[in-house]
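Residue strings, one per chain:
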Amino acid sequence: MTKREDPSFLVMTDRDGTIIKDVPYLSRLSDIEFLPGVVDTIRKLNILKVPVCVVTNQSGVARGYFSEEFVQESHLYMNELLGREGATIDRFFYCPHLAQTNDPRYNRECLCRKPHPGLLLSALETFPTPLSRAMMVGDAVRDMEAAKASGVKGYLILGNSDIPTSSLPEKDYVGVLSFQEAVNRFLGESGITLS
Ligand SMILES: [Mg+2]
Ligand SMILES: [Zn+2]
């Protein structure tokens, strides 16, 4: 009980394929659909005052598939959907860049596109947290590489990801089946149970 409102945790999560249904280069609000268990888990994290941050690559912006405004609008919409069920995502961090694209606004070899850790470092700066108390969950190897590069524990949702064979040693991440399982295992290590 003493830890119930301990704010010194941070949950960082990938977006597409991790908390919402994976739609390649999602460009319609109507395609946004939370995966089973996600809304409930976020609501419980909100109650525990654990910040929840989305860290997402959105190179569709650099590729000209949709605008940066659309990305922002989709994040507002996600929080609108969550809000209907009493949940909220605290902050969204996204990377609109891509090296070798035609749009000079986004044509950049940036440090925020995962596997680079820039988005995670921004989240850690916004919500200062001991690294051992911060986690990253995602469904792609680059999510785990970004977790490792930022120094936080990575949880890889197995099943729909490009499972690493040699690119990433298994000791560098924990395999899970869902966002919910990742959060439960992470907090469980500190004796906290989401209920
Ligand atoms: Mg993903
Ligand atoms: Zn970037």
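Refer to the preceding data block for the structure.
Conventions adopted
- Residues numbered from 1 in each chain as written.
- Chains lettered and ligands numbered in written order.
- Predicted model: local features only at pLDDT ≥ 70, side-chain atom pairs only at ≥ 80, totals over all residues.
- Heavy atoms only, no water.
- Helix = DSSP H or I, 4+ residues; strand = E, 2+ residues; numbered from the N terminus.
- Expected span 1.5 Å × (residues − 1).
- Buried < 20%, exposed > 50% of the residue type's maximum accessible area, 1.4 Å probe, protein only.
- Arc of directions from axis to C-beta.
- Contact = heavy atoms within 4.5 Å.
- Donors = N, O, S within 2.8 Å, 3.2 Å for Na, K, Ca; no water.
- Tetrahedral: all angles 85-135°; square planar, octahedral: opposite > 155°, others 65-115°.
- Pairing = 2+ DSSP bridges.
- Axes fitted to C-alpha atoms, helices over the stretch in contact; angles between N-to-C directions.

A.B. asks: Honestly, helix H2 (residues 68-83) in this entry has me stumped. Any pointers?
C.D. replies: The periodicity of an α-helix, 3.6 residues per turn, causes residues three or four places apart in sequence to face the same way. For H2, which comprises 16 residues, the first-to-last C-alpha distance of 23 Å matches the rise-based estimate of 22 Å (1.5 Å per residue) to within 8%. Within H2 the residues assigned to the buried category are Phe-70, Val-71, Ser-74, His-75, Met-78, Leu-81 and Leu-82. Burial along H2 is one-sided: seen end-on, the buried residues are contained in an arc of 140°. Away from its buried face, by an angle of more than 90 degrees, H2 presents the exposed residues Glu-69 and Leu-76. Considering only its buried residues, H2 is in contact with helix H1 (38-47), strand S2 (52-57) and strand S3 (91-95).

A.B. asks: Looking at this structure, how should I read the coordination of the magnesium ion (ligand 1)?
C.D. replies: The reference angle at a metal is 109.5 degrees if four donors form a tetrahedron and 90 or 180 degrees if six donors form an octahedron. Summarising the metal site, the magnesium ion (ligand 1) is bound by the protein donors Asp-14 (OD), Asp-16 (O) and Asp-139 (OD), whose distances to it range over 2.2 Å. All donors to the magnesium ion (ligand 1) come from one chain, and their sequence spacing reads D-x1-D-x122-D. Highlighted residues: Asp-16 in the loop between strand S1 (10-13) and H1 and Asp-139 in the loop between strand S4 (134-138) and helix H4 (141-150), separated in sequence by 123 residues. Comparing Asp-16 with Asp-139 shows no difference in burial state: the two are buried.

A.B. asks: Help me understand the coordination of the zinc ion (ligand 2) in this model?
C.D. replies: Around the zinc ion (ligand 2), the protein contributes the donor atoms Cys-95 (SG), His-97 (ND1), Cys-110 (SG) and Cys-112 (SG), at 2.0 to 2.3 Å from the metal centre. Coordination geometry of the zinc ion (ligand 2): the 4 donor atoms subtend angles of 105 to 115° at the metal centre, consistent with an arrangement described as tetrahedral. Between consecutive donors of the zinc ion (ligand 2), the numbers of intervening residues give the motif C-x1-H-x12-C-x1-C. Here the two residues Cys-95 and His-97 agree in accessibility, since each one is buried.

A.B. asks: Explain the sheet that holds S3 here, please?
C.D. replies: By definition, the strands of a sheet pair up through backbone hydrogen bonds, in either a parallel or an antiparallel sense. Spatial strand order, S3-S2-S1-S4-S5-S6: 6 strands in an open sheet with parallel pairing. The open sheet is flanked by S3 and strand S6 (174-176), the only strands paired with a single partner. Taking each pair of neighbouring strands and ignoring which way they run, the sheet shows an average axis angle of 25°. Both strand S5 (residues 153-157) and S6 contribute to a ladder of 3 bridges, which runs parallel. The partner of Ile-157 across the bridge, within S6, is Val-176. Against the sheet, H2 engages S2 and S3, with an angle of about 155° to S3.

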